[in-house]
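Structural characterization, general
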Amino acid sequence: MIHSYCGAPPSPETLPLRWNLDPALVLIIGTTWLAYTLLANSPHARIGARQWFFHLGWLTTILALTSPLCALSVSLFSARVGQHMILTLIAAPLVTLGRPWRALQMAFPRTTASFGKAPFVFLVRGPTSATLMFAGAMWFWHSPAPYAATFANPWVYWLMHVSTFGSALLLWRVLIDQRHQMVTGISAGAVSTLQMTFLGAIITLTPHALYSQHMLTPLQWGMTQITDQQLGGLLMWVPGCTVFLAVTLLGLGRALSDRTPTNLEAVDI
C-alpha cells in the first residue's frame, strides 16, 4: 500500500473529502499571499490592476496543491502530470504577470539590488539557464527513479514541486519580459515546445509501464496502468506543446511586425 505525502490512494467515493489541509502548507501559502498583497499595494510598487493576475495564479496554485487532486495523484500518474501542467502552464504565467519581482524590488530596493548582482543569481535569471532548468526539472522528476522517490519521502515530494514551479516562474519571466532580446524569448519558447513534445511522446509511446507506483491503483478508476501512463503523456504532450508553441509564434509574429525590433524596453515585470 502506497502512503505518500498526500496519503493513501483514494477511492472514487472518498476522493471528494480528500483535501490537503497540512498546517505547514496552509501557513506558507497564506503568508506568501498576504506578503504579496501588502507589497503590491505599497505606494512605490506601481503594480496596479496587474496584481489580480497574481491572485488568480496563486489561487490556482493553492487549489492544485490542496484540492483532492493531491490525493488523486497518488492513484493516477495522469493526475500527477495534470497537477504539474496546472502549476507550470496556468499558475506560473499568471503569478509572473502579477510582477512579484517588482513588488520585492520596490519594498527592499537595497537588498534586492545587492542580491541581484550576485553571480549565481545573475546566472539563474538568464534566459538560457531558465530554459534549461525548467527542462531539466521536467525530465528529471518524470524519470522513474526520481518519480518513485517522491512517494517515499515528503521532502523529496516538495523538492519536486518547488523546483518545477520555481523553474517555471523563471522561464515565464523570460517569455513575458520584453527587456530580453526578442530572439532569446523566441528560442526559449521553441526549446520548451520541443522538450515538452519529446518528453510527452516518450511517455505516451513507451510500450511498457514506467511507474510501478501505479501498478494497481488505476484499476478502480477504470484504467490500466498503461492507459493511465498514456493519458499522462498526452496531457504533457498536447497542452505543453500547444502553450509554448503559441507563445513562440506570438513572439515571432511580434518580431516580424515590429518596425523597431531593437526597442525592447516597453515592459518591466
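Notes on the structure in this doc start here. Everything numeric here is computed off the predicted structure, so don't read it as measured data.

Cut-off values and rules
Residues numbered from 1 in each chain as written. Predicted model: local features only at pLDDT ≥ 70, side-chain atom pairs only at ≥ 80, totals over all residues. Heavy atoms only, no water. Helix = DSSP H or I, 4+ residues; strand = E, 2+ residues; numbered from the N terminus. Contact = heavy atoms within 4.5 Å. Areas by Shrake-Rupley, 256 points an atom, 1.4 Å probe, with all protein chains shown as cover. Buried < 20%, exposed > 50% of the residue type's maximum accessible area, 1.4 Å probe, protein only. Polar contact = N/O pair within 3.5 Å; in protein donor to acceptor, adjacent residues only side chain to side chain. Disulfide = S-S within 2.5 Å. Expected span 1.5 Å × (residues − 1). Bend = angle between axes of the 7 residues up to and from the residue. Axes fitted to C-alpha atoms, helices over the stretch in contact; angles between N-to-C directions. Left-handed = near helix turned anticlockwise from the far one by under 90°. Nonpolar A, V, L, I, M, F, W, Y, C, P; charged D, E, K, R; others polar. Phe/Tyr/Trp six-rings, centres within 6.5 Å; stacked < 30°, edge-to-face > 60°. Parallel < 35°, antiparallel > 145°, perpendicular 65-115°, else oblique.

Here we look at the overall build of the protein
Along the backbone of the protein there are 12 helices and zero strands. The order of α-helices and β-strands along the protein, N terminus first, is α-α-α-α-α-α-α-α-α-α-α-α. Pairs at least 24 residues apart make up 78% of the contacts formed inside the protein by residues separated by at least 6 positions. When the accessible surface of the protein is totalled, it reaches about 13500 Å², and 74% of it is carbon and sulfur.

Examining unusual backbone geometry
With the exception of glycine, most residues fall at negative phi, and the peptide bonds are largely trans. Of note in the backbone geometry, R99 takes a positive phi value of approximately 55° without being a glycine. Relative accessible area serves as the criterion here: at 10%, R99 is assigned to the buried category.

Looking at the side chain of T197
Within the element layout of this structure, T197 appears in helix α11 (residues 182–205). The exposure class assigned to T197 is buried, which follows from its relative accessible area of 18%. Of the polar contacts made by the side chain of T197, one reaches the backbone oxygen of T193; its length is 2.7 Å. When neighbours within four sequence positions are excluded, T197 is seen to be in contact with W237 and C241.

Some details on the state of the cysteines
As enumerated under the stated definition, the model contains one disulfide in all. A disulfide bridge connects C6 with C70, and the sulfur atoms are separated by 1.8 Å. Taking the sign of the S-S torsion, -85° for the link of C6 and C70, the bridge is left-handed. Pair noted here: C6 is in the segment before α1 (23–40) and C70 is in helix α3 (residues 69–75), with a separation of 64 residues, a long-range link. Judged by its relative accessible area of 1%, C70 is buried.

Side note on helix α4 (residues 77–97)
For α4, built from 21 residues, the straight-helix expectation of 30 Å at 1.5 Å per residue is met to within 8% by its first-to-last C-alpha distance of 30 Å. At A91, α4 shows its largest kink, close to 35°, and the proline P93 lies no more than four residues downstream. Of all 21 residues that make up α4, 18 are buried, and the element is covered over most of its length. Looking at the residues trailing α4, positive phi occurs at R99, about 55°.

Remarks on the packing of helix α8 (residues 127–141) against helix α10 (residues 154–176)
Following both chains from N to C, one finds α8 and α10 inclined at 145°, their axes separated by 8 Å at the closest point. As α8 packs across α10, the resulting crossing turns out to be left-handed. Contact residues: α8 offers P127, A130, T131, M133, F134, A137, M138 and W141, while α10 offers V156, L159, M160, S163, T164, S167, A168, L170, L171 and V174. In terms of residue class, the contact of α8 with α10 is made up of 14 nonpolar, four polar and no charged.

Details of the packing of aromatic side chains
Tallied over the entire structure, the rule returns 12 aromatic pairs. Ring geometry for Y5 against Y157: centres 5.1 Å apart, planes inclined by 25°, an arrangement best described as stacked. Of the two residues, Y5 sits in the segment before α1 while Y157 sits in helix α10, which places them 152 residues apart along the sequence. For the pair Y5 and Y157, one class covers both residues: buried.

So, the packing of helix α2 (residues 51–66) against α4
The interhelical angle for the contact between α2 and α4, taken along N-to-C directions, is 160°, at an axis separation of 7 Å. In terms of orientation, α2 and α4 fall into the roughly antiparallel class. Seen along the crossing, α2 lies across α4 with a hand that is left-handed. Facing F53, F54, L56, G57, W58, T60, T61, A64 and L65 of α2, the residues of α4 in contact are Q83, I86, L87, I90, A91, L94, V95 and L97.

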